[in-house]
Amino acid sequence: MAVILLAVGAAGCLGAGFVFQQRAAQRAPLADFLSLRLLLDLMRMPQWLLGIALMVTGMVLGALALTHGEISLVEPLTATNLLFALAVSRRLGGQRLGWHGWSGAALLALGVTAFIVAGQPSGGGPHAGALRHWTVVGVVVGLAVLLVGVAKRSRPTVEAAVLALAAGLLYGLQDALTRTSGQLAAEHGVAVLAAHWQPYAIAGIGITALVLVQSAFEMAPLRSSLPALTAAQPLAGIACGVGFLGDRVRMDAGALAWEAAGLAAIVAGVVLLGRHPALPSACAEERVRRAAGVERAGV
């Protein structure tokens, strides 16, 4: 129960943090797109700092949940951050939830429940060998790099979704490495982390994913990016958990069918909620005009 409460608390902080970050990022200069300068500009905005503080709090709660629970249990629960993002946006904008929102919320909740009940995630399995471990890490990172390349050749709303998808994959990998670091610290003390590569990888992945997310938030409305981010993170996290962390889920035919249905319902619910009118919807066309202005200025 403590793990569930920590994961849901993390989801609440993350969802609220994403809303405030996007509301600030849409006012950032497009010349800083996909650059560390974007973070420096955003640091001057109190609303963005509030969003980052909430996100960091969510990450800390998520790290605590991952230290004491399986990633295959924690990740589906943190996917509910979109519910909290919708609630905050609804509060700020006064938009009713309506059948669209309730349908998405129901699908997301039922999907999480179905996956957890059918899969019965548990730990204790043997960690994978080095080859399998690095293969899974390489596939996740490679997909993220590929998606960034695709995003650069896409129109703004698609670009935002693809960048958020890449960031979600990296955040899922970051969660897996966070769990590994937490286990090392619990077994051998915090000081031992300095001699292992995982904390440094977590920092590098986190900064890279943050730049991708803020660039996605800057380019298009939240509804264009947050669904992809929210859907990709648990899928990547579960893949890493089962792939190299020793997480186990039931693998008989009936369980696999329900697990697949649960994951599909999570994605469908995320997409429905992501399209809800309550989510911030800054005009994408305005972003395109600004981008065109930046290009002309650079010519």
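Coordinates for the structure precede this section.
Residues numbered from 1 in each chain as written. Predicted model: local features only at pLDDT ≥ 70, side-chain atom pairs only at ≥ 80, totals over all residues. Heavy atoms only, no water.

Looking now at empty space enclosed by the protein. Enumeration over the complete set of coordinates arrives at 1 cavity of 30 Å³ or more. Estimates place the volume of the largest cavity at around 30 Å³. What lines the largest cavity is Ala231, Pro234, Leu235, Leu263, Ile266 and Val267. For the lining of the largest cavity, the secondary-structure elements that each account for two or more residues are α10 (222-244) and α11 (253-274). The residue inventory of the lining of the largest cavity, partitioned by class, reads 6 nonpolar, no polar and no charged. (1 Å grid on protein atoms, 1.4 Å probe; cavity = no way out; pocket = protein on both sides within 12 Å on 5 of 7 lines; lining within 4 Å. Points joined across faces, edges and corners; volume = space filled by probe spheres on them. Helix = DSSP H or I, 4+ residues; strand = E, 2+ residues; numbered from the N terminus. Nonpolar A, V, L, I, M, F, W, Y, C, P; charged D, E, K, R; others polar.)

With that out of the way, let us pick up the nonpolar core. Membership of the largest hydrophobic core comes to 71 residues, with the highest contact counts inside it found for Leu173, Leu229 and Phe244. Here this core takes 12 residues from helix α8 (residues 156-188), the largest share from any one element. Ignoring sequence-local partners within four residues, the contact set of Phe244 consists of His127, Ala128, His133, Val136, Val137, Leu173 and Ala176. (Core = buried A, V, L, I, M, F, W, Y, C linked by side-chain atoms within 4.5 Å. Buried < 20%, exposed > 50% of the residue type's maximum accessible area, 1.4 Å probe, protein only. Contact = heavy atoms within 4.5 Å.)

The next thing to look at is the packing of aromatic side chains. A complete count under the given rule lists 2 aromatic pairs for this structure. With 6.1 Å between their ring centres and 70 degrees between their planes, Phe18 and Phe217 make a pair best called edge-to-face. With a gap of 199 residues between them, Phe18 in helix α1 (residues 2-25) and Phe217 in helix α9 (residues 198-219) connect regions that are remote in the sequence. Across the pair, exposure class does not vary: Phe18 and Phe217 are buried alike. (Phe/Tyr/Trp six-rings, centres within 6.5 Å; stacked < 30°, edge-to-face > 60°.)

Looking now at the layout of surface pockets. Reported here for the largest pocket is a volume of approximately 460 Å³. Residue lining of the largest pocket: 25 residues in total, with Met55, Met59, Tyr171, Gln174 and Asp175 positioned closest to the centre. At 8 residues, helix α3 (residues 46-68) tops the list of elements feeding residues into the lining of the largest pocket. Residues belonging to the lining of the largest pocket are distributed by class as follows: 16 nonpolar, 7 polar and 2 charged.

Any functional reading would require information beyond the geometric quantities listed.
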